[in-house]
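# Chain and residue survey
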Amino acid sequence: MAGKPGFNGLTPSEWTVMSRSIFNSRDVSSPREEFHKEHGATFSVALAERAVKIYSAVDDIVFDPFLGTGTTVVAARQNHRNSVGIELYDRFAEIAEVRVSQRTLGEQKETKVLRGNCLEKIKEIADSTVQLTFTSPPYADFIHRSVKDRERRAKGSMPSLIATQNKSSVNAYGDSDIDFGNKEYPLFLESVTELMKEIYRITKPGGYNVWVVKDHRDTKNLQPYIDVHSDMAKCGQEAGFLYHDLIIWDQNDQRRLVLLGYPSVFYTNQNHSYLVVLRKPTEKQQKQLEKRYAKNQTEHYSSISNVGLVEILRKRKLKVSGVKQDLVSRLVDSDCLERWGDFLVPQ
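A brief look at the structure comes next. (Residues numbered from 1 in each chain as written. Predicted model: local features only at pLDDT ≥ 70, side-chain atom pairs only at ≥ 80, totals over all residues. Heavy atoms only, no water.)

This paragraph deals with the pairing of strand β9 (residues 242-250). By the bridge criterion, three bridges tie strand β1 (residues 22-24) to β9 in an arrangement that is parallel. Residue pairing for β9: Ile22 is matched across the bridge by Ile248. The sheet contact formed by β9 and strand β10 (residues 272-279) spans eight bridges and is antiparallel. Its bridge partner being in β10, Trp249 is matched across the sheet by Ser273. (Pairing = 2+ DSSP bridges. Helix = DSSP H or I, 4+ residues; strand = E, 2+ residues; numbered from the N terminus.)

Here it is as structure tokens:
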């Protein structure tokens, strides 16, 4: 297929091949090394490389706020992208630093590994500089529940088939209070939204933000299915991102089917993960969003009486003088500033 390369450098043929909505595990698999077992929740370099190739170009900056053992920055460097990652725990950061120090010809791109709280360290990254964020978050306190569940099964008459047949391991990363993986799910979502807002700030207009997540079950607490991937998308949308795409990472070839809920209740084997693809609006899209929002707010306030508008303005400590059009305009401007803040595109 003829044609000039896209924004990412892919030819039309490459673009088409990579546009499948389901990634087969055989196509995005990489050999596991010893350090992967210590972390217990790493995605493959091949998966990260595919995302890097699709959503960024040579010399772009790729970011990972939960760097772990460094897979994202390794994939970025190997594909001639600059990168920065943040890791809370020193033992994982050290592994990442060793991996990125093993440079080869053609991989001399800038790679930074920052240690500490991602919500604080991300403030060191300049506005609108990152083309792609690619990450997998700690799964709230789900990890601790899984560890306890597997310990319980190990002591029982039937060992966990998930562990014995699928060679799956689950480990808590550490005991830090600021670790997203040690927070109850509602607090976890609040932290994710706070982080999403910072990622929005550092992302270029039109840049991408991709989160690799797996949905969860908590049947003991009457939550048969926790739709994690949808919650990640909602957190991103609250921060200003567009919910751009959803990719399924099919892992059935790597995991055997196990008997779940038999004989009383039927559950499916969750042998897949999701890539939640978010995108920061381009400047053109941002203007359209602001215009649409302002129109909706204008219609809303126009339906309120002058007395009601004055009361709202007083609560917000805004001027209350002028005709109705002035009052409406003042409230719409206030709403737009609160919603879009520093990201308002100059008209």
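Next comes the rest of the write-up.
Counting 33 residues, the largest nonpolar core has Phe63, Leu195 and Trp211 as the members making the most contacts within it. Elements with a minimum of two residues in this core: β3 (82-87), α6 (118-121), α9 (185-202), β6 (203-213), α10 (228-239) and β10. Residues Ala48, Tyr55, Ala76 and Trp249 belong to the second largest nonpolar core, which totals 24 residues. (Core = buried A, V, L, I, M, F, W, Y, C linked by side-chain atoms within 4.5 Å. Buried < 20%, exposed > 50% of the residue type's maximum accessible area, 1.4 Å probe, protein only.)

What follows deals with the side chain of Thr133. Tracing the sequence through the fold places Thr133 in strand β5 (residues 130-135). Residue classification places Thr133 among the buried residues on the basis of a relative accessible area of 0%.

For the rest of this paragraph, the subject is the sheet that holds β3. Ordered by their spatial adjacency, eight strands build an open sheet running β1-β9-β10-β6-β5-β2-β3-β4, and the pairing between neighbours is mixed. Each of the sheet's edge strands pairs with one partner strand only, and the pair in question is β1 and β4 (111-115). Each strand of the sheet is rotated relative to its neighbour by a mean of 20°, with strand direction disregarded. In the packing of α9 onto the sheet, contacts are made with β2 (61-64), β5, β6 and β10, and the angle to β6 comes to roughly 145°. Where α10 meets the sheet, its contacts fall on β6, β9 and β10, and the angle it forms with β10 comes to roughly 10°. (Axes fitted to C-alpha atoms, helices over the stretch in contact; angles between N-to-C directions. Contact = heavy atoms within 4.5 Å.)

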